Amino acid sequence: MEINTERLRIFPVTLDLAQTLMKNSLAFYYQYQLPWNKNWPHDGLKAMLPIYTERLENNAGEMGFGPWVMINAAGEHVIGDIGFKGSPDEDGNIEIGYHVVASERNAGYASEAVGELCRWAFTKNGVEGIEAQCDKGNIPSQKVLINNGFSHTGRSQDILVFKKEKARNDHKQNSYKAKE
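Quantities reported herein were computed from a predicted structural model and do not represent experimental measurements.

A. View of helix 1 (residues 15-23). Among all positions of helix 1, only Leu17, Ala18 and Leu21 are buried. On an axial view of helix 1, the arc spanned by its buried residues comes to 100°, and they lie on one face. Turned more than 90 degrees away from the buried face of helix 1 sit Asp16 and Lys23, all of them exposed.

In structure tokens:
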């Protein structure tokens, strides 16, 4: 399964890839023939990989509802990662998060990836809404969410909460063209 845009190649972290990233992230760069970027994988991704790996081992259906890797379309370097924090909850909500390496920021990659991953998610059974959280001072991330149709729905101290609901016509739309 892979999503390709004009500028990005986005693919989910498989069980094998998660184990590779946990054991030896340099092996990922070798496997994909990419130049090493000391800033990726970042600490947040490294911390969640063991939890994600356990979820995948217990349920192959979790594939896609965890982290995805973003590399540039030409396959020359890592842009960052994006993904969900698990399968839909009882209300059909999932939470999205993303990280773009510092050298690739402010080029619109996060907006592009968020838009595509939201489109993918809304084609999956049980997904009715996508939520996101970001620091109140993280204006670029807020712009990414707002530009992708998210609405500000709440706040918890310094964290802002955003949500995007599945449009009515999205319920019937299963024509998303990603390589499965």
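B. Summary view of the state of the cysteines. Throughout the structure, instances matching the rule amount to zero disulfides. Here Cys134 is not disulfide-linked; the sulfur of Cys118 is the nearest cysteine sulfur, at 14 Å.

C. Representation of the packing of aromatic side chains in the model. Applying the stated rule across the entire model yields nine aromatic pairs. On the basis of an interplanar angle of 80° and a centroid distance of 6.5 Å, the ring pair of Tyr29 and Trp40 is categorised as edge-to-face. Here Tyr29 is found in helix 2 (residues 25-31), whereas its partner Trp40 is found in the loop between helix 2 and helix 3 (43-58), with 11 residues between them in sequence. A relative accessible area of 2% places Tyr29 in the buried class. Considering the side-chain rings of Phe65 and Trp120, the 5.6 Å spacing of their centres and the 55° angle between planes classify their relative orientation as tilted. Linking Phe65 in the loop between helix 3 and strand 3 (67-72) with Trp120 in helix 4 (residues 109-121), this pair joins segments that are 55 residues apart in sequence. Taken together, Phe11, Phe28, Tyr29, Tyr32 and Trp40 form an aromatic cluster joined through their ring pairs.

Reading the values: rules and limits
Residues numbered from 1 in each chain as written. Predicted model: local features only at pLDDT ≥ 70, side-chain atom pairs only at ≥ 80, totals over all residues. Heavy atoms only, no water. Buried < 20%, exposed > 50% of the residue type's maximum accessible area, 1.4 Å probe, protein only. Helix = DSSP H or I, 4+ residues; strand = E, 2+ residues; numbered from the N terminus. Arc of directions from axis to C-beta. Disulfide = S-S within 2.5 Å. Phe/Tyr/Trp six-rings, centres within 6.5 Å; stacked < 30°, edge-to-face > 60°.

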